[in-house]
Amino acid sequence: MTMKMKMKLKNVFMLYFLVSICGLMYALTQLGQPCDCTLHSRQSSDLVHSRDRTISRLQGELKRLQARGNPEGPPKPALPTIYTVTPTYTRLVQKAELTRLSQTLLHVPSLHWVVVEDSPVKTSLVSELLKRSGLPYTHLCTQTPKDFKLQEGDPNWLKPRGVEQRNLALQWLRENRGPSDEGVVYFADDDNTYSLRLFEEMRFTKRVSVWPVGLVGGVRFERPLVERGKVTGFYTAWKPNRPFPMDMAGFAVSLPLLLANPAARFHLSAQRGNLESSLLQTLVSIEELEPRASNCTKVLVWHTRTEKPKMKQEDALILQGLGSDPSIEV
Amino acid sequence: MPRRRSVLTTLLIVLPWTILLTIWHQNPATRYLTILRKETYENSSAKSLQFLINVTKIKEEQHTACTHQQEVTPAQQTARRYVYSRPPGWSRWLPTIYVITPTYTRPVQKAELTRLANTFLHVPNLHWIVVEDLPRRTNLVDSLLERSGLNFTHLNVESPKSVRIGLAKDSSHTPRGTLQRNLGLRWLRENLILSDSLEGVVYFADDDNTYSLELFEEMRSTQKVSVWPVAFVGGLRYEAPKVNTAGKVVGWKTVFDPNRPFAIDMAGFAINVRLVLKRPWANFQLSGVKGGYQETSLLKELVTIAELEPKAANCTKVLVWHTRTEKPTLVNEGRQGFTDLKVEV
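Residues numbered from 1 in each chain as written. Chains lettered and ligands numbered in written order. Predicted model: local features only at pLDDT ≥ 70, side-chain atom pairs only at ≥ 80, totals over all residues. Heavy atoms only, no water.

- The name given to chain B in an unreviewed UniProt entry is Galactosylgalactosylxylosylprotein 3-beta-glucuronosyltransferase, with Huso huso as the source organism.
- Regarding chain B, the relevant UniProt record gives this comment under Catalytic activity (unreviewed entry): "3-O-(beta-D-galactosyl-(1->3)-beta-D-galactosyl-(1->4)-beta-D-xylosyl)-L-seryl-[protein] + UDP-alpha-D-glucuronate = 3-O-(beta-D-GlcA-(1->3)-beta-D-Gal-(1->3)-beta-D-Gal-(1->4)-beta-D-Xyl)-L-seryl-[protein] + UDP + H(+)".
- We quote the UniProt Sequence similarities (unreviewed entry) comment for chain B here in full: "Belongs to the glycosyltransferase 43 family." (UniProt positions renumbered as here; feature names shortened; annotations may be inferred.)

- Chain A goes by Galactosylgalactosylxylosylprotein 3-beta-glucuronosyltransferase in an unreviewed UniProt entry, where it is assigned to Huso huso.
- Taken verbatim from the UniProt record of chain A, the Sequence similarities (unreviewed entry) comment is "Belongs to the glycosyltransferase 43 family."

Laid out in structure tokens, this is it:
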């Protein structure tokens, strides 16, 4: 009996040893494969022996990675276009603001930037910036009527800003887009901060979608109140009795809805804080609003404002006739 | 006798497995299987920038599987789909730009870092070193950096209270951000190995400034220290180095104390990383620094004015703006706080 068991055990052991030897052989053959080390040494010898090749490759690489211009091929027809309407006006920080806004927008697929200057003519600063930005864009301009223009020293809330410019953008959309065009319109001021996720939240808007806005209305954030997936009210501390107590950056309107309402526009006569309502009242009711950003619980856009840079020394120099070179664009 | 035999048999059983295990660990090919290995030094994680961007799925929460840069051979840099023709590719040939950004907690912090990240995503071979002014790193910054898709290092060091709140108008106190920038330099010195083939540039980027993409390409070729104009500093439209016809920096076009050894803003210069490593004693001076001399306190240890390299078309183009963001008036929060503190802003 024990002899038989011993024999069986011996067989098991033999089998085990055979299997493990085979496995080891296999692993050893795997080692023979080219590994990183040899590749590294080859690369370093390449670097050592061909500096010129490296430099030209550097330049080529730079060109490749920097290739600006149109995106690779036409945008996918499946994605609705986001028409970002940005009113802007000439002031010291304008180029900086538009530069960093364009850097954000450049990450968003199927986006069309509509920039409207508060100016009688299109400035070369904005024209050049748009050309170099790499974005599909439309450049418009219209001047705010004198009575409604903020004077030096006026607080920024005294008169509604960007009204005529946004209306001109709406008009352009009505003239250049048809009922078959899918898309959504977003009013993006040039000094706010936008996260990339925001644009994906708004892309598939059926009528009007809404979300929270950070750092606005004197509070950390304002947001629509959502119950069971429907907007039931608004969480805001400032003038909460407005028809739509939210900021311009807190909603997006679907293009078909805008085209279906050719009279919908922002009103210059709107009271302070009612600019958004002046448009939305004619388009949608509160129940029809579509809440985004996880039922309006995430802040994806911030109402940042940029300080006016201090020009004390510049002003002093200008008085002496020694102002900085105006041909250098800032 | 039977005891010796059993010992022998157990040994023979275990032997192949130990050999296999030792070979397994040493084989570099198996490292491909360890994904998302995090370095433990101060929780810094450097991720390779090679990730697939799907056109329809640009969501910031998307965690992409990254492997360490050293292990990916050129042959494996396979299909990358780009959203636009500006991929944040990681190239083996471009010098890395190490951007050191000190930051501190305030309402606009997340917004500032978000738009800065949006800018940096366009720059190839950029490594972002973010240093928080706190005793502990915050989740806000940590998750923002993770989701951004950039190569980053997250550090923190707390400034003395008087500096942090900005009460230190006295010149003998440390200007804000100094400790944090020095920590960034220290991290570079501890994590990079000085060699002739080490390529890279160090840039101090505050979180509220605005940077054009052209700026980063201008600074990439820095041999020692390069300089360029900065807008909205010193009470002027822009401050710039004075460049003579031979292309050398000879002075400073500023109104505020133009006789400083280096009358330039923090955003107006970049240093070659080899120089930083070669001079480990070169740091921003912590105390006893007059207003406007902070940059000098570092640069005087590194270069002379004659060695400066002017960029941006001999310092005639403005590629960086010293913008400042207004402090939001949170008057309606009241004493109790109006908004839900659980919502991150």
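Text resumes after the structure shown.
A look at the overall build of chain B
Now for step 1: Summing up its helical and strand segments, chain B has 9 helices and 12 strands in all.
Now for step 2: With 345 residues in all, chain B has 53% of them scored as buried.
Now for step 3: Relative to all contacts within chain B whose residues are 6 or more apart in sequence, the contacts with residues 24 or more apart total 74%.
Now for step 4: Looking at chain B as shown, the accessible area adds up to about 16300 Å², and 56% of this sits on carbon and sulfur atoms. (Helix = DSSP H or I, 4+ residues; strand = E, 2+ residues; numbered from the N terminus. Buried < 20%, exposed > 50% of the residue type's maximum accessible area, 1.4 Å probe, protein only. Contact = heavy atoms within 4.5 Å. Areas by Shrake-Rupley, 256 points an atom, 1.4 Å probe, with all protein chains shown as cover.)

Quick look at the packing of aromatic side chains
Now for step 1: Inspection of every chain in the model, using the stated rule, returns 19 aromatic pairs over all chains.
Now for step 2: Considering the side-chain rings of Phe13 of chain A and Phe17 of chain A, the 6.3 Å spacing of their centres and the 20 degrees angle between planes classify their relative orientation as stacked. Residue Phe13 of chain A and its partner Phe17 of chain A are both found in helix α1 (residues 2-31); the two are separated by 4 residues, about one turn of the helix.
Now for step 3: Residue classification places Phe13 of chain A among the partly exposed positions, given a relative accessible area of 25%.
Now for step 4: By the ring-pair criterion, three or more aromatic residues cluster together here, those being Phe120, Trp128, Tyr203, Tyr211, Phe216 and Trp228 of chain B.
Now for step 5: Just above the ring of Tyr235 of chain A sits the side chain of Arg223 of chain A; from NZ or CZ to the centre is 5.6 Å.
Now for step 6: The ring of Tyr104 of chain B has Arg176 of chain B sitting right over it, with the charged end atom 4.2 Å from the ring centre. (Phe/Tyr/Trp six-rings, centres within 6.5 Å; stacked < 30°, edge-to-face > 60°. Lys NZ or Arg CZ within 6 Å of the ring centre and 35° of its normal.)

Details of the pairing of strand β7 (residues 213-216) of chain A
Now for step 1: With 3 bridges connecting them, β7 of chain A and strand β8 (residues 219-227) of chain A associate as antiparallel partners. Within β8 of chain A, the position partnered with Gly214 of chain A by the bridge is Phe221 of chain A. (Pairing = 2+ DSSP bridges.)

A closer look at the packing of helix α2 (residues 109-120) of chain B against helix α3 (residues 139-148) of chain B
Residue and element names in this part refer to chain B.
Now for step 1: The interhelical angle for the contact between α2 and α3, taken along N-to-C directions, is 20 degrees, at an axis separation of 11 Å. Taken together, the axes of α2 and α3 are roughly parallel relative to one another. The crossing of α2 and α3 is right-handed. Contact residues: α2 offers Gln109, Lys110, Leu113, Thr114 and Ala117, while α3 offers Leu140, Val141, Leu144, Arg147 and Ser148.
Now for step 2: Across the contact of α2 with α3, the residue classes break down as 5 nonpolar, 3 polar and 2 charged. (Axes fitted to C-alpha atoms, helices over the stretch in contact; angles between N-to-C directions. Parallel < 35°, antiparallel > 145°, perpendicular 65-115°, else oblique. Left-handed = near helix turned anticlockwise from the far one by under 90°. Nonpolar A, V, L, I, M, F, W, Y, C, P; charged D, E, K, R; others polar.)

Here's the deal with the side chain of Asn209 of chain B
Now for step 1: Tracing the backbone shows Asn209 of chain B in the loop between β4 (200-204) and β5 (210-211).
Now for step 2: Given a relative accessible area of 3%, Asn209 of chain B falls into the buried group.
Now for step 3: Here Tyr211 of chain B takes part through its side chain, which lies 3.4 Å from a polar atom of the side chain of Asn209 of chain B.
Now for step 4: Ignoring any residue separated from it by four or fewer positions in sequence, one finds Asn209 of chain B in contact with Arg100 of chain A together with Leu116, Ala267, Trp321, His322 and Thr323 of chain B. (Polar contact = N/O pair within 3.5 Å; in protein donor to acceptor, adjacent residues only side chain to side chain.)

Thoughts on a nonpolar patch on the surface
Now for step 1: A cluster of nonpolar side chains, Ile21, Met25 and Leu28 of chain A, forms an exposed patch at the surface whose accessible area comes to about 300 Å².
Now for step 2: Note that Ile21 of chain A resides in helix α1. (Patch = residues over 30% accessible without salt bridge, like charges linked within 9 Å, V, L, I, M, F, W, Y side chains within 5 Å. Salt bridge = Lys/Arg side-chain N within 4 Å of Asp/Glu carboxyl O.)

Re the environment of Thr144 of chain A
Residue and element names in this part refer to chain A.
Now for step 1: Relative to the elements of secondary structure, Thr144 occurs in the loop between β3 (137-141) and α6 (163-176).
Now for step 2: On the accessibility criterion, Thr144 (9% relative accessible area) is buried.
Now for step 3: Expressed as a C-alpha distance, the spacing of Thr144 and Ser119, which sit 25 residues apart in the sequence, is 7.7 Å.
Now for step 4: The residues touching Thr144, leaving out its near neighbours within four places in the chain, are Asp118, Lys149 and Gln165.
Now for step 5: Here Gln165 takes part through its side chain, which lies 3.2 Å from a polar atom of the side chain of Thr144.

What about the confidence of the model for chain B?
Residues and elements named next belong to chain B.
Now for step 1: For chain B, the average pLDDT comes to 78, and 77% of its residues sit at 70 or higher.
Now for step 2: Residue range residues 28-87 is modelled with pLDDT below 50. Its contacts to residues more than four positions away, or to other chains, number 126 contacts.
Now for step 3: With pLDDT under 50 throughout, residues 166-172 is counted as low confidence; its partners more than four residues away or in other chains account for 10 contacts. (pLDDT = per-residue confidence, 0-100.)

Quick look at unusual backbone geometry
Now for step 1: Despite not being glycine, Asn295 of chain A has its phi angle at roughly 55 degrees, a positive value.
Now for step 2: Tracing the backbone shows Asn295 of chain A in helix α10 (residues 293-296).
Now for step 3: The exposure class of Asn295 of chain A is partly exposed, given its relative accessible area of 41%.
Now for step 4: A positive phi angle is found at Asp257 of chain B, which is not glycine, with a value near 45 degrees.
Now for step 5: Its place among the elements puts Asp257 of chain B in the loop between β9 (249-253) and β10 (269-272).

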